[in-house]
Amino acid sequence: MTPKSKVGQGALRAFWVGGAICVLGQVISDIGTRMLGLTLMQASSLTSVTLVFLTALLTGIGVFDVIAKYAGAGTVVPITGFANAMVSPALEFKSEGLILGLGAKMFSIAGPVIVYGISASVIYGILLFLLG
């Protein structure tokens, strides 16, 4: 197999797995709005929570890593990638205890993302208030 075909194969895997994750999200959202009678905002929240839960669960039982090795960047759809980034370090250091291992390491990667995301939203809110 030539290097170009390996790249093409990896891109195809990333495309279809990332697409499947997005389709799953859309299905969850549609179930929320059509079958459960939720508003679009409520269905979006349900979708986010469900995708984070499923990713954390699959990471915890070792399935998500297998999918990620197969799909490469296809699993880095922002919400699933974020959930995996939180759970993986926690699992790695769980032998150090619930507080110093699991609790502390859970936010080693996700912590800066949360801090900068909240900081950016505060700055954006202040600018919107002052200029809007």
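So, a few notes on the structure that sits alongside this text. (Residues numbered from 1 in each chain as written. Predicted model: local features only at pLDDT ≥ 70, side-chain atom pairs only at ≥ 80, totals over all residues. Heavy atoms only, no water.)

## So, the side chain of Thr 47
Mapped onto the secondary structure, Thr 47 falls in helix H2 (residues 40–60). Judged by its relative accessible area of 11%, Thr 47 is buried. Ignoring anything within four residues of it in the chain, the contact list for Thr 47 reads Gly 25, Ile 28 and Ser 29. (Helix = DSSP H or I, 4+ residues; strand = E, 2+ residues; numbered from the N terminus. Buried < 20%, exposed > 50% of the residue type's maximum accessible area, 1.4 Å probe, protein only. Contact = heavy atoms within 4.5 Å.)

## Re the environment of Trp 16
Mapped onto the secondary structure, Trp 16 falls in helix H1 (residues 3–35). A sequence separation of 58 residues divides Trp 16 from Gly 74, and the C-alpha atoms of the two residues are 7.4 Å apart.

## Some thoughts on the pattern of salt bridges
Applying the stated criterion to the full structure yields 1 salt bridge. One salt bridge in this structure joins Arg 34 and Asp 30, with 4.0 Å as the shortest N-O distance. Here Arg 34 pairs with Asp 30, and both are found in helix H1, just 4 residues apart, close to one helical turn. Exposure remark for Arg 34: the relative accessible area of 67% places this residue in the exposed category. Under the relative-accessibility criterion, Asp 30 is labelled partly exposed at 24%. (Salt bridge = Lys/Arg side-chain N within 4 Å of Asp/Glu carboxyl O.)

## Topic: the packing of aromatic side chains
What the rule picks out here adds up to 1 aromatic pair. Between Trp 16 and Tyr 70, the ring centres sit 6.1 Å apart and the planes meet at 70°, which makes this aromatic pair edge-to-face. Linking Trp 16 in helix H1 with Tyr 70 in helix H3 (residues 63–71), this pair joins segments that are 54 residues apart in sequence. On the basis of relative accessible area, Trp 16 is assigned to the partly exposed category, the value being 47%. (Phe/Tyr/Trp six-rings, centres within 6.5 Å; stacked < 30°, edge-to-face > 60°.)

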